[in-house]
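Given next are the chains, with one letter for each unit.
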Amino acid sequence: MDRFESFQMGRAIFGLGDYLIFVFTLFISMVIGMYYAWRGVSNSTYEYLMGKKTMGIFPIAMSLAASSLSASTLFSVPTDVYLTGSMYWWIIIAVGLSIPVSLYIYFPIYHQLQLVSIHQYLEMRFNHTIRRLAALLYVIKVIFYLTVMVSGPAIALKRVTGLQEHVSMSIMFAVCIFYTAIGGIKAVVWTSTVQLCLMYGSIIIVLIKGIVHVDGLENVFWRNFNSSRIEFLNIDFDPTTRHTVWSLTIGGFFLFTAMYATDQVFIQRCLALPTMRKAVISHWINFLMLACMTSLCCLTGLVNYAFYFDCDPLKADIVKHSDEIFPLFVIQTIGNFPGLPGIFAAGIFGGVTSILSSNLNSLSLVILEDLIRPFFPLMRDSKASLVTKVTVIIFGCVIFGMALFTSKLQISLDSSLSLVSAMAGIILGVFSLGMFVPWANATGAGTAIALSFATMMTLGISTHIAKSGGLIMDYQMKSLNADGCHSPNSTIVNSSTVHFLIQEEDVNALLRISYLWYTVMSVSIVLIVGTIVSFLAGSQDPAQLNPKLLCSTLQRRHSNKATSQPNIATVHPTASVGQRTRTLLWELPRRLSPIIEVHFPNN
């Protein structure tokens, strides 16, 4: 039988046992939500949103890992490795670098201030306008992120279960909105724990069956090695190269720092723990879980290629888009084993609902605390609890409608991640501006947010248009072979390889920049513009700031400066304009010294 025969026939691979497993996982999520609703969690806003700071290390660690991953990870990473090679493994280094920075520089400030919404920090440091501006940007980011994170997994579920995209999306959103709205953060955390286990189970099953199909890991290695997919040392300094050591480690570092240091989803879970020590332990457990899952997905991508090394489905015209390759691989490896497709579908479903529930819960907190409660400070707890539930339902429905619409547009994952990364970078930038630049003021922060948002959105949308028009292609894609295809129903390209290289000299280099650099660019714009505009608009006097609003190093310097003698370079009120100008020019590098770690003499 031809290897593509079952796929061409379009037979559903879901049997009764698969449906029972799939429905059972839905039932577990709903039961967890109903349990915490029965326990009265939703009657208290503080418990509904923060768990009364009584959450345990293990469920928080699992929830952090589930929120760091997504169902897209389960099929986008294997597909990426299939097409471009093993360079993506370097992202683990980026995560490992971002976690200590987040834990030991950013999070202690939130912990000292006992925040509920992290955007409260921006009001303390700047003003309420900056807080609301950042909160609105966060809301936009979450809506867009969830919209694009749902359509891809829905396609995978369609290939495995036979369910149409709109049906699978409806089930996802209905179950997720239900248990998130009634169970609060405790339901979200515990369902994420179950869903992470399902994600692990699904990828491990596919990986094992795939290795068996290609006759062992040795064949996996040699087939990928012979096609140049075993690659770990691409040190190209060209920022337009999609995956290099630098883009994955540096760009990935900023991307994951934006997640762990300034994203409400992750900070909210850490603040739900009673102590800083437990937050640290949870984050490192999360790192281990994330590193293991990323490695499994990368290895699965190599196995996927070893399975199709001589008959690529794209070249054989079996599938039309690259995001269909991995679901096809799943069908052909586990489709004939009752129960296994159900476990895989449950893992995909768990990945989607975990991301949805985590972000909807945090979104409801941000809307309540940053956009509603400031106008109604005397709101009763019962009414606040109702607002959070209604918010989850309304925004869940809005995102569902947008996901249905965008699923027809074929938006590339890279383009989507570029825009999300840019917005995450803006938020990281304004928090970093407040913590590391003590003389930055609200004018500088607001101008920087607006300019960075306008610049990065223009760049991201222009890049997407160029990619959609075929002007930009990924020249890192490896060769694909179709010599082993013998299907009479497929149209096979005669050449043995397909090269995805297009001459792009006429396309602006900015449009070809790797999506991994978008966070770096947006952070840089905010820091540079915010610092310059703050100087021009009359910089903030660091002595007037609460030391707890600055990073620990600047807190100590601030305390030491407060007890030392006045700086001899202070200008007398009667000094001439020329003298004042020369003094300001001398003081500029001194003011920059906390950032560049250079100590200037006092005379």
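- The name that an unreviewed UniProt entry assigns to the chain is Sodium/solute symporter, with the source organism given as Daphnia magna.
- Recorded in UniProt for the chain, the comment headed Sequence similarities (unreviewed entry) runs: "Belongs to the sodium:solute symporter (SSF) (TC 2.A.21) family."
- What UniProt states about the chain under its Subcellular location (unreviewed entry) heading is, verbatim, "Cell membrane".

**Digging into the side chain of threonine 300**
Thought 1: Structurally, threonine 300 can be placed in helix α13 (residues 276–307).
Thought 2: By relative accessible area, threonine 300 is classed as buried at 0%.
Thought 3: If we ignore the near neighbours within four places in the chain, the residues touching threonine 300 are Pro78, Ile203, Val206, Leu207, Phe326 and Phe329.

**Here's the deal with the side chain of threonine 180**
Thought 1: Summarising the element assignment, threonine 180 is placed in helix α9 (residues 165–213).
Thought 2: A relative accessible area of 0% places threonine 180 in the buried class.
Thought 3: In terms of polar contacts, threonine 180 uses its side chain to reach the backbone carbonyl oxygen of cysteine 176, at 2.7 Å.

**With respect to helix α15 (residues 340–372)**
Thought 1: Look at α15: 46 Å from first C-alpha to last across 33 residues, which is about the 48 Å you get at 1.5 Å a residue.
Thought 2: Counting buried positions along α15 gives 30 out of 33 residues, so the element sits mostly inside the fold.

**Structural notes on a nonpolar patch on the surface**
Thought 1: On the surface, a nonpolar cluster with roughly 400 Å² of combined accessible area is contributed by Leu386, Val390, Ile394, Val398 and Met402.
Thought 2: In this fold, valine 398 is placed in helix α16 (residues 381–406).
Thought 3: A residue is classified by how much of its surface remains accessible, and valine 398, at 38% relative accessible area, is partly exposed.

Calculation rules
Residues numbered from 1 in each chain as written. Predicted model: local features only at pLDDT ≥ 70, side-chain atom pairs only at ≥ 80, totals over all residues. Heavy atoms only, no water. UniProt positions renumbered as here; feature names shortened; annotations may be inferred. Helix = DSSP H or I, 4+ residues; strand = E, 2+ residues; numbered from the N terminus. Buried < 20%, exposed > 50% of the residue type's maximum accessible area, 1.4 Å probe, protein only. Contact = heavy atoms within 4.5 Å. Polar contact = N/O pair within 3.5 Å; in protein donor to acceptor, adjacent residues only side chain to side chain. Expected span 1.5 Å × (residues − 1). Patch = residues over 30% accessible without salt bridge, like charges linked within 9 Å, V, L, I, M, F, W, Y side chains within 5 Å. Areas by Shrake-Rupley, 256 points an atom, 1.4 Å probe, with all protein chains shown as cover. Salt bridge = Lys/Arg side-chain N within 4 Å of Asp/Glu carboxyl O.

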